[in-house]
2 protein chains.
Amino acid sequence: MNLDPTRTIAINADIYAQRRQAAQALRERLAGQGTLVVNLVSSPGSGKTSLLEATAKHWHGAHRMAVLVGDLETERDAARLAPYVPVQQLTTGGACHLELDLVKRGLERLPADPIDFLFIENIGNLVCPASHDVGEHVRVVLVSTTEGDDKPGKYPKMFRTSQALIVTKIDLLPYVPFSIPAVVEDAQRIQGNLTVFQLSALHGQGIAAWCEWLERQRTVHTDCSRSCT
Amino acid sequence: MNLDPTRTIAINADIYAQRRQAAQALRERLAGQGTLVVNLVSSPGSGKTSLLEATAKHWHGAHRMAVLVGDLETERDAARLAPYVPVQQLTTGGACHLELDLVKRGLERLPADPIDFLFIENIGNLVCPASHDVGEHVRVVLVSTTEGDDKPGKYPKMFRTSQALIVTKIDLLPYVPFSIPAVVEDAQRIQGNLTVFQLSALHGQGIAAWCEWLERQRTVHTDCSRSCT
């Protein structure tokens, strides 16, 4: 392509590289403080908030956790979590995903105390958040048993960019057409190293294994040699 | 704002107005042919494909229906519907919503026979499809009982731009924390004229009322004086 220099503005910068660097800088800074950042992504209503409630109850103060919760409108999820943990609502005003700048502003508004686990509850959307690095150490995708076991192949980027898959609402398995082996096979065909959990936040099954995995991830990804247990 | 004419390109066109006109032209053309266009929108896994299977089985050839089914990847939903009705898969290759041009291309690939009801099964996404008119006469938003009754206020644009709300998977009500009055109140606070259905595509409850409403909508919105029954 021949560009006419009188009609072309040279930007001379890779915007995506700048964004990647900014996300990496946040990741490294928080790792240095012993904070594991977990980006929770899923469809609306897959159980992200319920999982965080169950996680907070399971740890019951054994670890310092905080949550940044994204929504288009309302503060409903923050209100649900506020009895358990420090939480900041990130309201996008209609945007379909969280971006790094909003996450950083939310982080500044959290109490200044040390955080062992910072959870980012993304917008309920199995498409757009897949393309945005918000500075997380691990991305975890949730699929509920009521959504159907065909979702990974239909929304592949979200599964390709995640490190763990949580199948939620397993208490409903007797009542819905859903195969855990089928969803796991479909997801691992896209991302072979995906760690898989099955749980019911409502009834408590599987929460302990999920929390133990988070504790190991904190040891792997952060500089918490004095405080990791 | 002072614009430097040597650095400014005047477009002299309202791109959104062009899109609205193109959608309106398709809507009018299909209304003239007696075809009601229904845009089904929801989260992934709310039951759009299951609703279409149940609708096709209920009518059992009494009306000529066809489906354009959107997905990021795979032809899974088209394969599910193909035993019942003419169907074309629209694969967006990652985009988070359907647009008019893709719908028009899909329509051209359907058999040339007359269609009474053209269903557009949008991408599973409660955010992005709200902003795109694909030439429909009615937009119908689905919320399953397993997604939680707090969704309308959190994703308001989708409910504001819809004419009907279908609460799906009501067979699971005994097992999930979900209140139909609460979800209806939340949705009608946003869109007071929303028509509400409750159904279970799996067990068949509510399908007849939904199909009767569709038949009335066809009479209202299309020029089917000879063929509407």
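Rules behind the numbers
Residues numbered from 1 in each chain as written. Chains lettered and ligands numbered in written order. Predicted model: local features only at pLDDT ≥ 70, side-chain atom pairs only at ≥ 80, totals over all residues. Heavy atoms only, no water. pLDDT = per-residue confidence, 0-100. Phe/Tyr/Trp six-rings, centres within 6.5 Å; stacked < 30°, edge-to-face > 60°. Helix = DSSP H or I, 4+ residues; strand = E, 2+ residues; numbered from the N terminus. Buried < 20%, exposed > 50% of the residue type's maximum accessible area, 1.4 Å probe, protein only. Arc of directions from axis to C-beta. Polar contact = N/O pair within 3.5 Å; in protein donor to acceptor, adjacent residues only side chain to side chain. Least-squares fit on C-alpha atoms with pLDDT ≥ 70 in both. Contact = heavy atoms within 4.5 Å. Buried area = accessible area lost by both parts, 1.4 Å probe. Salt bridge = Lys/Arg side-chain N within 4 Å of Asp/Glu carboxyl O. Pairing = 2+ DSSP bridges. Right-handed = clockwise from strand over helix to strand, strands pointing away. Core = buried A, V, L, I, M, F, W, Y, C linked by side-chain atoms within 4.5 Å. Axes fitted to C-alpha atoms, helices over the stretch in contact; angles between N-to-C directions.

Caption draft 1: Looking closely at the confidence of the model for chain A. Per-residue confidence for chain A gives a mean pLDDT of 94, with 93% of residues at or over 70. The ipTM assigned to the predicted complex is 0.88, against a pTM of 0.91.

Caption draft 2: Seen up close, the packing of aromatic side chains. Here the structure, examined in full by the defined rule, presents 11 aromatic pairs over all chains. Seen in terms of ring centroids, tyrosine 175 of chain A and tyrosine 175 of chain B are 3.6 Å apart; in terms of plane orientation they differ by 10°. Their pairing is stacked. Highlighted residues: tyrosine 175 of chain A in the loop between strand 6 (164–168) and helix 7 (180–190) and tyrosine 175 of chain B in the loop between strand 6 (164–168) and helix 7 (180–190), drawn from two different chains. Judged by centre distance (6.0 Å) and plane angle (75°), the ring pair of phenylalanine 197 of chain A and tryptophan 210 of chain A falls under edge-to-face. Of this pair, phenylalanine 197 of chain A sits in strand 7 (residues 195–198) while tryptophan 210 of chain A is found in helix 8 (residues 207–221), placing the two residues 13 residues apart along the sequence. On the basis of relative accessible area, phenylalanine 197 of chain A is assigned to the buried category, the value being 9%. A relative accessible area of 0% places tryptophan 210 of chain A in the buried class.

Caption draft 3: Representation of helix 7 of chain B. Residues and elements named next belong to chain B. Within helix 7, burial applies to Ile180, Val183, Val184, Asp186 and Ala187. Across the axial projection of helix 7, the buried residues extend over an arc of 165°, all falling on one side. Among the exposed residues of helix 7, those pointing more than 90 degrees away from its buried face are Pro181, Glu185 and Arg189. The N-capping residue of helix 7, defined by a side-chain oxygen 3.0 Å from the backbone nitrogen of alanine 182, is serine 179.

Caption draft 4: Quick peek at the relation of the copies chain A and chain B. Of the transformation placing chain A onto chain B, the axial shift is 0.0 Å and the rotation is 180°, giving an RMSD of 0.0 Å. Such a turn and shift between the copies fits a two-fold axis. A shared interface surface links the copies, since 100% of the contact residues of chain A are contact residues in chain B too.

Caption draft 5: Up close: helix 4 (residues 100–109) of chain A. Residue and element names in this part refer to chain A. Those residues of helix 4 that sit buried are Leu100, Leu102, Val103, Gly106 and Leu107. Buried residues along helix 4 cover an arc of 160° about the axis, so they all sit on one side. Of the exposed residues in helix 4, the ones pointing more than 90 degrees away from its buried face are Asp101 and Glu108. On its buried face, helix 4 is in contact with helix 1 (15–32), strand 2 (65–71), strand 3 (87–91) and strand 4 (117–121).

Caption draft 6: Summary view of the interface of chain A and chain B. Contact with chain A, which involves 35 residues of that partner, is made by 35 residues of chain B. The contact between chain A and chain B buries some 2,700 Å² in all, and 59% of this surface belongs to carbon and sulfur atoms. If you sort the residues of chain A by the area they bury against chain B, Pro44, Arg76 and Lys154 of chain A come out on top, with a joint share of 23%. At the boundary of chain A and chain B, one finds six salt bridges. Aspartate 77 of chain B serves as the salt-bridge partner of lysine 154 of chain A, at 2.8 Å between the closest nitrogen and oxygen. Those elements that place two or more of their residues in the side of chain A that touches chain B are helix 3 (76–81), helix 5 (151–154) and helix 7 of chain A.

Caption draft 7: View of the pairing of strand 7 of chain A. All names here are of chain A. Sheet topology note: the strand 6/strand 7 ladder contains four bridges and is parallel. Bridge pairing in strand 7 places isoleucine 166 opposite phenylalanine 197. Taken together, strand 6, helix 7 and strand 7 constitute a β-α-β crossover, and its handedness is right-handed.

Caption draft 8: Expanded view of the nonpolar core. Ranked by internal contacts, the top residues of the largest apolar core, which has 82 residues, are Leu118, Phe159 and Leu165 of chain A together with Leu118, Phe159 and Leu165 of chain B. Ignoring sequence-local partners within four residues, the contact set of leucine 118 of chain B consists of Leu30, Thr35, Leu36, Val37, Val38, Ala66, Leu68, Leu107 and Leu110 of chain B.

Caption draft 9: Expanded view of the sheet that holds strand 7 (residues 195–198) of chain B. All names here are of chain B. An order of 3-2-4-1-5-6-7 is seen for the seven strands of this open sheet, with the pairing classed as parallel. Only two strands of the sheet have a single partner each, and these edge strands are strand 3 (87–91) and strand 7. For this sheet the average axis-to-axis angle between neighbouring strands, irrespective of direction, equals 20°. As paired strands, strand 1 (residues 36–42) and strand 5 (residues 138–144) are joined by five bridges and run parallel to one another. Bridge pairing in strand 5 places leucine 40 opposite valine 140. With respect to the sheet, helix 2 (residues 48–59) is in contact with strand 1, strand 2 (65–71), strand 4 (117–121), strand 5 and strand 6, its orientation differing from that of strand 4 by roughly 165°.

Caption draft 10: Summary view of the sheet that holds strand 2 of chain A. All names here are of chain A. Within the open sheet, the seven strands sit side by side as 3-2-4-1-5-6-7. Their pairing is parallel. Looking at the sheet topology across the chains shown, the edges are occupied by strand 3 and strand 7. With direction set aside, neighbouring strand axes in the sheet form an average angle of 20°. Running over the sheet, helix 2 (residues 48–59) touches strand 1 (36–42), strand 2, strand 4, strand 5 (138–144) and strand 6 and is turned about 165° from strand 4.

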